[in-house]
Amino acid sequence: MSFALLRSQSRPALAVIERQARALCSTLAITDFSPKTAGKTTEKKAYLQHCQPGKSFVSTSVRKYSKKTAAPERAYNSDSDSDSDDERDTTPRQRQRKERVFHTPERNMGNSEFWRRKMRTLHGVLDVNKDGVISYDDFMLLTEKFASLGHLDVKAKNEFRDIMRTTWESQWGEITPYNLVTVEQYLTEMHHVVNDKDLKKKVHRFLPYLYRAVDKDRSGSISLNEFKLFFRCLGLTEENAAVSFAVIDKNGDGQITLDEFVKLGKDFFVSEKEAHVSRMFWGPLVDH
């Protein structure tokens, strides 16, 4: 009776031990291990090698992930300073697209000798007193000449003077007798102006005031005779005016409208085409 009682109590424990042994053998790739076959020599050795007391068990099997349950790739951090961002574009098409979008160099204006000739020509025109440099006094002398030529009223004359003053301060700084602009300084500054998006839009803003001064009869267009007066204020000859007018008057109607005048004056600064009619806007170009 005692034996039967002991057997009945040990049966659940044996079942637990049997389940643990089967799970362990399955992990260790030991086939058909059970209490009935535990006495076999080869399987016992394998069991003892992995289950010796005092030693922890380490599985030697390699866990394989299926394609469906693969670990997700780490999210791309666009704020990273790492150079590895460029390595993500691995295909030639991706690299070509990125170079086209981010590495296309912008066209730099004002590098041709023709453009430099035009700027040297204008420097000579703006040097009203012909001392070899441009000063604020030259700007004011030019303003007075055109104001007198066009018989501008007080309001228009003050507006013209304010525009010339603002133009000087924005480009050349303070108004002093010692702030003198040489030819090379003028070339450098105008190169910066035509390559700056905001400054480029303002390069011609004084031209409408010149037009109002030249359009002496207020007809809304400039005739050849009025254009000669314009050149006279610039210190150029009437012959120069006749040649320039013939080139600028593209449609041959003998008149230049405000839009034509302003556009040609602006194109003089921003165009590098030698055949463009705007090249004659400020008279014949200097040779060097």
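Rules used throughout
Residues numbered from 1 in each chain as written. Predicted model: local features only at pLDDT ≥ 70, side-chain atom pairs only at ≥ 80, totals over all residues. Heavy atoms only, no water. Helix = DSSP H or I, 4+ residues; strand = E, 2+ residues; numbered from the N terminus. Contact = heavy atoms within 4.5 Å. Areas by Shrake-Rupley, 256 points an atom, 1.4 Å probe, with all protein chains shown as cover. Phe/Tyr/Trp six-rings, centres within 6.5 Å; stacked < 30°, edge-to-face > 60°. Lys NZ or Arg CZ within 6 Å of the ring centre and 35° of its normal. Expected span 1.5 Å × (residues − 1). Buried < 20%, exposed > 50% of the residue type's maximum accessible area, 1.4 Å probe, protein only. Core = buried A, V, L, I, M, F, W, Y, C linked by side-chain atoms within 4.5 Å. Salt bridge = Lys/Arg side-chain N within 4 Å of Asp/Glu carboxyl O.

(A) Spatial organisation of the overall build of the chain. A tally of helices and strands in the chain yields twelve helices and two strands. Reading the secondary structure of the chain in the N-to-C direction produces α-α-α-α-α-α-α-α-α-β-α-α-β-α. Across the chain, contacts joining residues at least 24 apart in sequence account for 59% of those joining residues at least 6 apart. Taken as a whole, the chain presents about 19200 Å² of accessible surface, with 53% of it coming from carbon and sulfur.

(B) Molecular detail of the packing of aromatic side chains. Scanning the model with the defined rule gives 18 aromatic pairs in all. Ring centres 6.0 Å apart and planes at 50 degrees place the aromatic pair phenylalanine 230 and tryptophan 282 in the tilted group. In this pair, phenylalanine 230 sits in helix H10 (residues 224–233) while tryptophan 282 sits in the segment after helix H12 (258–270), placing the two residues 52 residues apart along the sequence. Aromatic ring contacts, followed pair by pair, group Phe146, Phe206, Tyr211, Phe227, Phe230, Phe231, Phe245, Phe261, Phe281 and Trp282 into a single cluster. Above the plane of the ring of phenylalanine 268 lies lysine 118, whose end atom (NZ or CZ) is 5.2 Å from the centre.

(C) Region of the structure containing helix H5 (residues 136–149). Taking 1.5 Å of rise per residue, the 14 residues of H5 would be expected to cover 20 Å, and the 20 Å separating its terminal C-alpha atoms lies within 8% of that figure. The complete set of buried residues in H5 reads Tyr136, Asp138, Phe139, Met140, Leu142, Thr143, Phe146, Ala147 and Leu149. In the core, the buried residues of H5 are packed alongside helix H4 (113–126), helix H6 (154–172), helix H9 (207–214) and H10.

(D) Up close: the nonpolar core. Core analysis: the biggest nonpolar cluster contains 58 residues, and Phe146, Tyr186, Phe230 and Trp282 have the highest contact counts within it. When contributions to this core are tallied by element, the ones reaching two or more residues are H4, H5, H6, helix H7 (183–194), H9, H10, helix H11 (238–248) and H12. In terms of residues, this core owes the most to one element, H5, which gives seven residues. If we skip the residues at most four places from it in the chain, phenylalanine 146 touches Leu152, Phe160, Leu210, Ala213, Val214, Phe230, Cys233 and Leu234.

(E) Summary view of the pattern of salt bridges. A full pass over the atoms with the stated rule returns eight salt bridges. Glutamate 184 is the partner of arginine 116 in a salt bridge, and the nearest nitrogen-oxygen pair spans 3.7 Å. On the criterion of sequence distance, the pair formed by arginine 116 in helix H4 and glutamate 184 in helix H7 is long-range, its members being 68 residues apart. By relative accessible area, glutamate 184 is classed as partly exposed at 46%. Where lysine 263 meets aspartate 267, a salt bridge forms, and the shortest distance between an N and an O atom there is 2.8 Å. With lysine 263 and aspartate 267 both in helix H12 and four residues apart, this pair spans about one turn of that helix. Shared partners join several salt bridges into a network, and the residues in it are Glu144, Lys157 and Arg161.

(F) Fine view of the side chain of serine 271. With respect to the helices and strands, the residue serine 271 is situated in the segment after H12. The class of serine 271 is buried, set by a relative accessible area of 10%. Ignoring anything within four residues of it in the chain, the contact list for serine 271 reads Met109, Trp115, Lys118, His276 and Ser278.

(G) Focus on the environment of glycine 254. Within the secondary structure, glycine 254 is located in the loop between H11 and strand S2 (256–257). On the accessibility criterion, glycine 254 (25% relative accessible area) is partly exposed. If near-sequence neighbours (up to four positions away) are discounted, glycine 254 is found in contact with Ile222, Ser223, Leu224, Phe245 and Asp249.

(H) Broad picture of H7. Taking 1.5 Å as the rise per residue, H7 with twelve residues should run 16 Å; its terminal C-alpha atoms sit 17 Å apart, in good agreement. Looking only at H7, the buried set comprises Tyr186, Leu187, Glu189, Met190, Val193 and Val194. Packing partners of the buried residues in H7 comprise H4, H6, helix H8 (197–202) and H12.

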